[in-house]
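Structural features, examined
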Amino acid sequence: MRIEIAGAQITDAVVETLENLQTNTDTAAMYADTLNQLGRMLVESSDGTPEGDAAALARIRVLQMIRDDLATLAAPPDADDPANDTPTASF
């Protein structure tokens, strides 16, 4: 199965991943905890130079973006929006 929605390819693997994230809260929490630990490790390992600090900060920002995206996939913030009450397709 493959569906394209707004340019996004929704395949069986994507559906399986989303189902896992949305039904197994332990998985999403484990991912978030690991990303948090990586952020702390980056801060602790920074060498204190402006270049090192800038690189660590850039990586922390990317980790934050990944964490935010995973949180959105695991628990869509607009799931209760009435505009989303009518599915365009259900399989």
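Refer to the preceding data block for the structure.
Overview of the structure. (Residues numbered from 1 in each chain as written. Predicted model: local features only at pLDDT ≥ 70, side-chain atom pairs only at ≥ 80, totals over all residues. Heavy atoms only, no water.)

**Points about a nonpolar patch on the surface**
- Residues V62, M65 and I66 make up a contiguous nonpolar surface patch of roughly 270 Å² in combined accessible area.
- Within the element layout of this structure, M65 appears in helix α3 (residues 50-74). (Patch = residues over 30% accessible without salt bridge, like charges linked within 9 Å, V, L, I, M, F, W, Y side chains within 5 Å. Areas by Shrake-Rupley, 256 points an atom, 1.4 Å probe, with all protein chains shown as cover. Salt bridge = Lys/Arg side-chain N within 4 Å of Asp/Glu carboxyl O. Helix = DSSP H or I, 4+ residues; strand = E, 2+ residues; numbered from the N terminus.)

**Overview of the side chain of T27**
- On the secondary structure map, T27 appears in helix α2 (residues 25-45).
- The class of T27 is buried, set by a relative accessible area of 9%.
- Excluding residues that lie within four positions of it along the chain, T27 makes contacts with N20 and L21. (Buried < 20%, exposed > 50% of the residue type's maximum accessible area, 1.4 Å probe, protein only. Contact = heavy atoms within 4.5 Å.)

**Description of a negative patch on the surface**
- Side chains of D78, D80, D81 and D85 sit close together on the surface and give a patch of like negative charge.
- Position of D80 relative to the elements: it lies in the segment after α3. (Lys, Arg positive; Asp, Glu negative; His and termini not counted. Charge placed at Lys NZ, Arg CZ, Asp CG, Glu CD.)

**Details of the packing of helix α1 (residues 12-23) against α3**
- Interaxial distance between α1 and α3 falls to 8 Å at its minimum, and their mutual angle equals 85°. Accordingly, the angle class assigned to the pair α1 and α3 is roughly perpendicular. From α1, L18, L21 and Q22 reach across to α3, where they touch L70, L73 and A74.
- Here the contact of α1 with α3 is built from residues that sort into 5 nonpolar, 1 polar and no charged. (Axes fitted to C-alpha atoms, helices over the stretch in contact; angles between N-to-C directions. Parallel < 35°, antiparallel > 145°, perpendicular 65-115°, else oblique. Nonpolar A, V, L, I, M, F, W, Y, C, P; charged D, E, K, R; others polar.)

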